[in-house]
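Structural overview for review
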Amino acid sequence: MPQVNILAVEDEEAIGRLIGFVLEQAGFQVTVVPSVEKALPLLAAELPDVVLVDWMLPGASGLQLIKQLRQNTRTRDLPIILLTARGTESDKEQGLNLGADDYVTKPFSPRELIARVNALLRRRAPQKTEQTIEAGGLTVNPAEQTASANGTPVALGPSEFKLLHFFITHPNRAYNRRQLLDLVWGDHVFVEERTVDVHISRLRRALEEGGAGNCIQTVRGLGYRFYTESGETP
């Protein structure tokens with residue numbers, strides 16, 4: 001599986017240890033902190049792929065953190081799961097209305113937690129999953145790190161593969177260079193925006209050998225997009 005970084009904000013030590021153990025056994029990289037105060041510097045340094053946040057925390061609550069993240073342009077699209085012992089419909093509605101993507105009620109089983117994280121990744125960050133994707137004559141297998149165009153294997157470097165995997169899981173949407181750097185390389189990586197152009201050129205050349213070079217389109221004045229005639233997400 002492509003490396004998935006999870007930040008868990010949980011003040012109950014035993015539950016924090018359980019979250020870390022369960023998700024690490026499932027192949028995720030996990031950091032557990034006990035408060036919003038501890039979480040904010042980590043979020044400022046590098047965005048995780050998923051945030052798990054407990055409702056009741058010392059100091060600022062989990063709901064306050066979610067609200068803060070959704071109001072910030074940099075963090076507003078972070079996949080977030082709210083963890084809480086409060087299981088009424090009104091509690092669930094409040095958490096989701098403030099911006100949580102999903103809601104897990106304590107006590108929860110390890111299987112449920114892993115399933116919820118994987119389901120959220122499939123919805124919000126499909127480039128972080130192992131699902132094989134087919135679109136526009138291309139087949140991308142992230143588990144094996146392989147790609148083919150119209151049945152012809154395509155030799156790609158690691159950066160070009162990540163770019164293609166991101167594009168094919170987000171078809172027909174235009175992204176500028178900064179967005180691609182943040183979403184593919186990570187917003188903590190500081191490289192020139194023109195680096196994207198170099199990798200796009202390499203990706204196109206590789207795809208052209210299989211007759212699929214035109215699927216990566218330049219959007220004048222903005223950036224690039226992966227185009228499929230169906231207009232639908234694979």
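Preceding block: the structure.
Notes on the structure in this doc start here. Computed from a predicted model, the values in this text were never measured in an experiment.

**Structural notes on the side chain of Lys106**
With respect to the secondary-structure elements, Lys106 resides in the loop between β5 (102-105) and α5 (110-124). Among the polar contacts made by the side chain of Lys106, one reaches the side chain of Asp54 at a distance of 3.0 Å. When near neighbours in sequence (up to four residues on either side) are disregarded, Lys106 contacts Glu10, Glu12, Ile15, Asp54, Leu83, Thr84 and Ala85.

**Topic: the environment of Leu120**
Position of Leu120 relative to the elements: it lies in helix α5. In this structure Leu120 comes out as buried when scored by relative accessible area, which is 0%. Here the alpha-carbon distance between Leu120 and Asp101, two residues 19 residues apart in the chain, equals 7.6 Å. Excluding residues that lie within four positions of it along the chain, Leu120 makes contacts with Val50, Pro79, Ile80, Ile81, Asp101 and Ala125.

**Some words on the sheet that holds strand β3 (residues 50-54)**
Across the sheet, five strands lie side by side as β2-β1-β3-β4-β5; this open sheet has parallel pairing. Each edge of the open sheet carries a strand with a single partner, namely β2 (29-33) and β5. The mean inter-strand angle of the sheet, taken between neighbouring strand axes irrespective of direction, is 20°. Across four bridges, strand β1 (residues 5-9) lies against β3 in parallel orientation. Following the sheet pairing, Ile6 is matched in β3 by Val50.

**Details of the packing of helix α1 (residues 13-25) against α5**
Closest axis-to-axis distance for the α1/α5 pair is 10 Å, and the angle between their directions is 65°. Of the two elements, α1 crosses α5, and the hand of that crossing is right-handed. Facing Ile19, Val22 and Leu23 of α1, the residues of α5 in contact are Pro110, Leu113, Ile114 and Val117. When its residues are assigned to classes, the contact of α1 with α5 shows seven nonpolar, no polar and no charged.

Cut-offs used in this document
Residues numbered from 1 in each chain as written. Predicted model: local features only at pLDDT ≥ 70, side-chain atom pairs only at ≥ 80, totals over all residues. Heavy atoms only, no water. Helix = DSSP H or I, 4+ residues; strand = E, 2+ residues; numbered from the N terminus. Polar contact = N/O pair within 3.5 Å; in protein donor to acceptor, adjacent residues only side chain to side chain. Contact = heavy atoms within 4.5 Å. Buried < 20%, exposed > 50% of the residue type's maximum accessible area, 1.4 Å probe, protein only. Pairing = 2+ DSSP bridges. Axes fitted to C-alpha atoms, helices over the stretch in contact; angles between N-to-C directions. Left-handed = near helix turned anticlockwise from the far one by under 90°. Nonpolar A, V, L, I, M, F, W, Y, C, P; charged D, E, K, R; others polar.

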